[in-house]
Amino acid sequence: MTSTVRRAVPLLLLCGLAWLVVEPLAIVAVEAVRRDGVWTLDAVRAFAVERNEWRAAWNSLWLAVASVVLGTLLGVPLALVTRLADFPGRRIVAAMLALPAVLPPLVGVVAFLFLYGESGVFARAIMSATGSETPPWRFEGAGAVLLIHATTMYVYPYLLVRATLATFDTALLEAATALGAGRWRAMRSIVVPMLRPAIGNGALLIALTSLASFSAPYVFGGGFRVLPTQVISTRLNGDVNVAMVETLVLVALALVALTMASRLGGTGVRGVGRGIAPSPRVERHGWRRTITGVAIAGLTVWLLLPHLALLTVSFVPSGAWTTTALPSAWTSGNYIALIAEPARWRPFGTSLWMAGLAASAAAVIALSVALAARDARSRTSRWLEAAIALPWAVPGTAYAIALATMFSVSQPFAGRFILIGTLWLLPLAYLVRGLPIVGRSMITAVRTLDPALDEAATSLGAGAWRRFATVTLPLLVPALAGAVALAFVTGLGDFMTSVILYTYDTRPVSLEILGAIRQGDLGVAAAYGVVITLISSVAFGLAERGRRSA
Amino acid sequence: MSGVRLDQVAKRFGATAVVHDVSLNVADGELVALLGPSGSGKTTLLRLVAGFEQADHGRIFLDGDDVTTRPALERRCGMVFQHYALFPHMDVAGNVGYGLASERLDRSGVLARVREVLELVDLAGYERRPVTALSGGQQQRVALARALAPRPRVLLLDEPLSNLDPSLRERTRRELRDLVRRIGITTVLVTHEQEEAFELADRIAVLHRGRLEQVGTPQALYASPATPFVAGFVGRTSRLVGRVIDRTPDALVVEASGMRWYATGDATLTGEVTLLVRPEGAALTPDTGAAGRVLRRRFGGAVEYLAVALDSGDELEVVVAPGAAHDGAHVMIRPTGVGAFAFAVEP
């Protein structure tokens, strides 16, 4: 490769990314202050004077803060206990607690519906116990959304803290003990500072997920509006420019969260020695061990109940479970329906090809970007890194709106084409959402490759293509497969982008789930959910294997 | 014909000059060690020869060919990397045969050559082993076999023994020396350990801050170091400040710490000089000499090294028979007439 080509490729990639991830947002920013070719602040004014808009923004904000607080309070202790304490069934409990990470948001929300909803398991149990005809509660509003957030998003700090503890050097704790620090002082002065980055990153993930959260407020919000749902309803009302302003406010909140987290989290403390996983401290007293075990098991069951409800409902004939606490009839018909009825399996096929295409494209782009951004010190590399990570911070709803806007006119010179209403917009949106997942993972993988391997191949006479095909690519495949699997799953379970961009021909499985619920086919909806969860679990397993071997 | 010739080669990284106008000839079949502390530019010099770095100016010749602007993959240098850089996803045969792709050999030809070099490094029968399952010493030998398989023009070794534990290192060093001698391949070795350089190299090139300080046989470097750095880095020395008081046809007479030393050095030196003295440059004496006290003793097997604090305030290391003096003993010291080098005082 000549040096001109070598310089040109990163710049070309940067232009491509700017088109795909930056221009849509820029167009939203412009359209917010431009109507029918005239610059105007009408939409901003309309947003500013409307009480409901402020309420939605405020709701998004406090919901994010409350989700962070509750999710962290749940996730961090669970990580500490499952890593550092010993109790019966520790490993199984630890694995089960990671389950919400596998659940696509809409499926998780549906699971809650089956458990806590007006006709959910709990409500039915109370109705059958009291003989009442009306459900004892309505599971909706801010409380319901917050409950769903806390009990699904705790996985972020949980997984990150566990990962940090896995490489934690126990010699540090031993050194502290040898210097006279008791258990609590060692915890406070050694463990907590080391965990700060993991907790900070976990909090950031919760904040971004909560700000972007669409499924839970959409299904359970009732009158409780947050920005992502507000954007949709404003757009449906025809106030396109106001929807743009709302989108911008949403993006701004996400960027504020990102900035705050990077300030608070800092670069963190890194161990200088080898990481040795702490062996679980054995509780000597039998009763203590039992109490810990029982408490954790109880908590785990509570956190996993929605999944159990989903699984149960998927085996119940539709309409056969209305008044009793437990179902009176069982069937595998819901699963058979998924396979036997073309109208049922077609959305699956649609979701599979769209998610597959998006994940494959993301793989090619991310791999090229990662190779071009190999040198972490170069400015182009930093720009490439930032551009490919941008969709990670921006809520999916905002991107959906942005892409819908960008690809609703034909201006080839501005890179704008009419894609809205075609097959291609939704896969493109999945691609944008998948890019940061594959991109960040590939950039790390490429940078941790030993450059001497490439040099060794060069010294043995291998040209650029042979080096790539025989050395670089095979070594990246595990990490690539894992990241692509994650991107695929994100597309497969996507709801918030799909609900805005789908067409008749690209009706994905998430909309089919919602449709089935609205038609009362709860069993079929649950069966969809279970199948998606299983596919996701396999993909996560692959991703985990890729991460380990990388 | 010269195997490797460097002509005024220089390399900068940003504002830092890492290699300053180095010229060096490595004869056909000769093994030259680039010796220097970390940051001396020795690895950069090796990478310049391999083609992984491009020289800012100067020329590099391999077998008489000017390869200065030639890319690495056309230079036919066999390289053994410090951490071996074995391809972890290939087995031993995959690694060793990797460089044979351009040789137009069929499958059996490749396997035959692989077997041949594996026999050379005593790893016959290891073809199908994954490289990750090998011990450090075996990995080192696979790396060597891989570098040798395509019959390179020169062999470049970047600290090839630094990853081995001390006992294994010594054995591997001997095996490496025998192998390289047997093949007779021109070899450049980078090391920061003088013992390694002494045992392996025909000649040693001492590098310091990117400059070539001296090139010579180990004996020549030890007996007549060209610079204070070489005197201190190759072998041990004590540093004294002295004054030239006289000269003989083959030595300067220097007075330092109240003693008269016959030192080798530039005949034009006058006035104040730096005097570097090897442990064998001074001895204990029952007669008159400079008085001092034993500060510490260092065990050296058949001999013992004494650090002596002279009454003049200087410290001198002296080699003696074991048990010649105890800690804190008052001793008399005299020069032996060898192992003393005078240099101009560094500004």
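In this report, we go over the structure that sits alongside the text. In every chain, residue numbers begin from 1 and rise along the written sequence. Lettering of chains starts at A and numbering of ligands starts at 1, both following the order in which they are written. Local features in a predicted model are, by the rule used here, given only for residues with pLDDT of at least 70; side-chain atom pairs are given and counted only at 80 or more, and totals for whole chains, interfaces and linings are based on all residues.

### Let's talk about the overall build of chain B
- Secondary structure elements follow DSSP: runs of H or I of four or more residues count as helices, runs of E of two or more count as strands, with numbering from the N terminus. Summing up its helical and strand segments, chain B has eight helices and 20 strands in all.
- A residue is called partly exposed when the number of other C-beta atoms within 10 Å of its own lies between 12 and 20, exposed at 12 or fewer, and buried at 20 or more, with C-beta atoms placed from the backbone. Taking all 347 residues of chain B together, 44% fall into the buried category.
- What counts as a contact is two residues whose backbone-derived C-beta atoms lie within 7 Å of each other. Long-range contacts, defined as pairs at least 24 residues apart, comprise 65% of the intrachain contacts of chain B with a sequence gap of at least 6.

### Notes on the sheet that holds strand E13 (residues 259-263) of chain B
Residues and elements named next belong to chain B.
- If DSSP finds at least two bridges between two strands, the strands pair. Spatially, five strands are ordered E13-E12-E11-E14-E20 in an open sheet, and the strand pairing comes out antiparallel. The open sheet has two edge strands, E13 and strand E20 (340-344), and neither has a second partner. Across this sheet, the average inter-strand angle for adjacent strands is 45°, counted without regard to direction.
- Direction of pairing for strand E11 (residues 238-248) relative to strand E12 (residues 251-256): antiparallel, over a ladder of five bridges. To obtain an axis, a line is fitted to C-alpha atoms, over the contacting stretch when the element is a helix, and the angle between two such axes runs from 0 to 180 degrees between their N-to-C directions.

### Structural notes on the pairing of strand E10 (residues 211-216) of chain B
All names here are of chain B.
- The pairing of strand E9 (residues 203-208) with E10 spans five bridges and is antiparallel. Within E10, the position partnered with Ile204 by the bridge is Gly216.
- Linking E9 back to E10 in an antiparallel pair, the connection comprises two residues, with Arg209 at a positive phi of about 50°.

### A look at the interface of chain A and chain B
- Taken together, the contact pairs 15 residues of chain A with 17 residues of chain B.
- Listing elements by their share of the side of chain A that touches chain B, those giving two or more residues are helix H20 (451-459) and helix H21 (464-493) of chain A.
- Looking at the side of chain A that touches chain B element by element, the count peaks at seven residues for H20 of chain A.
- Any residue that is not Ala, Val, Leu, Ile, Met, Phe, Trp, Tyr, Cys, Pro, Asp, Glu, Lys or Arg is counted as polar, Gly included; the first ten are nonpolar and the last four charged. Here the side of chain A that touches chain B is composed, by residue class, of nine nonpolar, four polar and two charged.

### Comments concerning unusual backbone geometry
Residues and elements named next belong to chain B.
- If you check the backbone angles, Asp63 has positive phi at about 50° while not being a glycine.
- Mapped onto the elements of the fold, Asp63 is located in the loop between strand E4 (57-62) and strand E5 (65-66).
- Of the residues examined, Asp63 has 15 C-beta atoms within 10 Å and is grouped as partly exposed.
- Even without glycine at this site, Tyr84 takes up a positive phi of about 75°.
- Positionally, Tyr84 belongs in the loop between strand E6 (77-80) and helix H2 (92-97).

### Re the sheet that holds strand E7 (residues 154-158) of chain B
Residues and elements named next belong to chain B.
- Read across the open sheet, the six strands follow the order E6-E7-E8-E3-E9-E10; overall the sheet is mixed. Strand pairing shows two members of the sheet lacking a second neighbour, E6 and E10, which therefore form its edges. Taken pair by pair, the neighbouring strands of this sheet meet at an average axis angle of 20°, ignoring direction.
- Where strand E3 (residues 31-35) and strand E8 (residues 186-191) come together, five bridges link them in parallel fashion. Bridge assignment links Leu34 to a residue of E8, and that residue is Val190.

### What about the packing of helix H8 (residues 155-166) of chain A against helix H10 (residues 183-212) of chain A?
Residues and elements named next belong to chain A.
- Taken N-terminus to C-terminus, the directions of H8 and H10 make an angle of 155°; their axes are 8 Å apart at the nearest point. The orientation of H8 with respect to H10, classified from their angle, is roughly antiparallel. By crossing handedness, the relation of H8 to H10 is classed as right-handed. The segment H8 lies against H10, with Tyr156, Pro157, Leu160, Val161, Ala163 and Thr164 engaging Met194, Leu195, Ala198, Ile199, Asn201, Gly202, Ala203, Leu205 and Ile206.
- Of the residues that constitute the contact of H8 with H10, the class distribution is 12 nonpolar, three polar and no charged. Oblique is the label for any angle not covered by the other classes, which are roughly parallel (under 35 degrees), roughly antiparallel (over 145) and roughly perpendicular (65 to 115). Left-handed describes a crossing whose near helix is turned anticlockwise from the far helix through less than a right angle; right-handed describes the clockwise counterpart.

### Regarding helix H6 (residues 121-130) of chain A
Residues and elements named next belong to chain A.
- Where H6 is concerned, the buried positions are Val121, Ala123, Arg124 and Met127. What you see down the axis of H6 is that its buried residues fit within an arc of 160°, all on one side. Across from the buried face of H6, at angles greater than 90 degrees, the exposed residues are Ala129 and Thr130.
- Gly131 occupies a position one or two residues after H6 and carries a positive phi of about 70°. Throughout, the arc means the angular range of directions from the helix axis out to the C-beta atoms.

### Brief notes about H8 of chain A
- Its 12 residues give H8 of chain A an end-to-end C-alpha distance of 16 Å, which sits within 8% of 16 Å, the value for a rise of 1.5 Å per residue.
- Within H8 of chain A, burial applies to Val155, Tyr156, Pro157, Tyr158, Leu160, Val161, Arg162, Thr164 and Leu165 of chain A. Any helix carries an expected span of 1.5 Å times its number of residues minus one.

None of this, on its own, says anything about what the molecule does.
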